[in-house]
Amino acid sequence: PIIIMRLKMRRFIHIACIGLLGISILSSCTENNGSLKDNEVLVQTNPTPVCFIIKDSNNNNLLDYNVDSNILNQDISILENGSEYAFPLQLCEYKPETDLGGLYIGSITVDNIQIPCLKYWSIHARPESENKQTHLLLNLGDGTSYEVDVDYYYQIDNNYNAIFHKQTWLNGELNSANSLVVTIIRE
């Protein structure tokens, strides 16, 4: 009986040590490893496009190849905060894994309909404390230009979720709330 008791005791100690080792490993996984401070949240801020829909006064989309008065052959460029980014229009979708950003021909889905648009892929969300408007000057290549101001920032709520805020202004007037889509009507 004493030998059996000692074997049971050794087995108990062995299991207890394994349990303590497991608890130690799990608690070390939850400790702060130095990369984030307490209460910090990691927010993914990949580039997000500002989409420009450009129509004439008859509601024709001027970025549609099927519209005779389209502007697709014009030298379209964009200035961001005073620095020029004059990218040739590309007839393909932006691919984040291969492209660095710029101005592209693309489309956006509105009410389940694909609408041709320009996409400017250089805007990143900023924390609310660092929010400042991004100023864009869209030049359509025919002497016509439009000033667009973009607010794109995030706040962290009480549950540590990122809440993104988006607004655009066209020539000083609110153009879209809760969206980065700018609709331009050319007169």
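In what follows, the accompanying structure is described.

Calculation criteria
Residues numbered from 1 in each chain as written. Predicted model: local features only at pLDDT ≥ 70, side-chain atom pairs only at ≥ 80, totals over all residues. Heavy atoms only, no water. Phe/Tyr/Trp six-rings, centres within 6.5 Å; stacked < 30°, edge-to-face > 60°. Helix = DSSP H or I, 4+ residues; strand = E, 2+ residues; numbered from the N terminus. Buried < 20%, exposed > 50% of the residue type's maximum accessible area, 1.4 Å probe, protein only. Lys, Arg positive; Asp, Glu negative; His and termini not counted. Salt bridge = Lys/Arg side-chain N within 4 Å of Asp/Glu carboxyl O. Contact = heavy atoms within 4.5 Å.

**Some words on the packing of aromatic side chains**
Thought 1: Per the stated rule, a full pass over the model turns up two aromatic pairs.
Thought 2: Ring centres of Tyr-152 and Phe-164 lie 6.1 Å apart, and the angle between their planes is 35 degrees; this geometry places the pair in the tilted category. Note that Tyr-152 is positioned in strand E8 (residues 145–156) and Phe-164 in strand E9 (residues 162–170), a separation of twelve residues in sequence.
Thought 3: Residue classification places Tyr-152 among the buried residues on the basis of a relative accessible area of 8%.
Thought 4: Owing to a relative accessible area of 33%, Phe-164 belongs among the partly exposed residues under this scheme.
Thought 5: Between the aromatic rings of Tyr-154 and Phe-164, the centroid separation amounts to 5.8 Å while the plane-to-plane angle is 50 degrees, which identifies the pairing as tilted. Here Phe-164 lies in strand E9 and Tyr-154 lies in strand E8, a separation of ten residues in the sequence.
Thought 6: An aromatic cluster is defined as three or more aromatic residues linked by ring pairs; in this entry it consists of Tyr-152, Tyr-154 and Phe-164.

**Focus on the environment of Gly-82**
Thought 1: Relative to the elements of secondary structure, Gly-82 occurs in the loop between strand E2 (77–80) and strand E3 (83–85).
Thought 2: Spatially, the C-alpha atom of Gly-82 lies 7.9 Å from that of His-135, the residues being 53 residues apart in sequence.

**Here we look at the side chain of Asp-151**
Thought 1: Its location among the elements puts Asp-151 in strand E8.
Thought 2: Summary of buried charges: Asp-151 has no salt-bridge partner, and the nearest side chain of opposite charge, Arg-126, is 7.4 Å away.
Thought 3: Among residues more than four places away in sequence, those in contact with Asp-151 are Asn-131, Gln-133, His-165, Lys-166, Gln-167, Trp-169 and Leu-180.

**Describing unusual backbone geometry**
Thought 1: Not every positive phi belongs to a glycine, and Asn-59 is a case in point at roughly 70 degrees.
Thought 2: Within the secondary structure, Asn-59 is located in the loop between strand E1 (48–56) and E2.
Thought 3: Taking relative accessible area as the criterion, Asn-59 reaches 52% and is therefore assigned exposed.
Thought 4: Here Asn-178, not a glycine, exhibits a phi torsion of approximately 65 degrees, which is positive.

So far we have only geometry, and geometry alone does not tell us how the molecule works.
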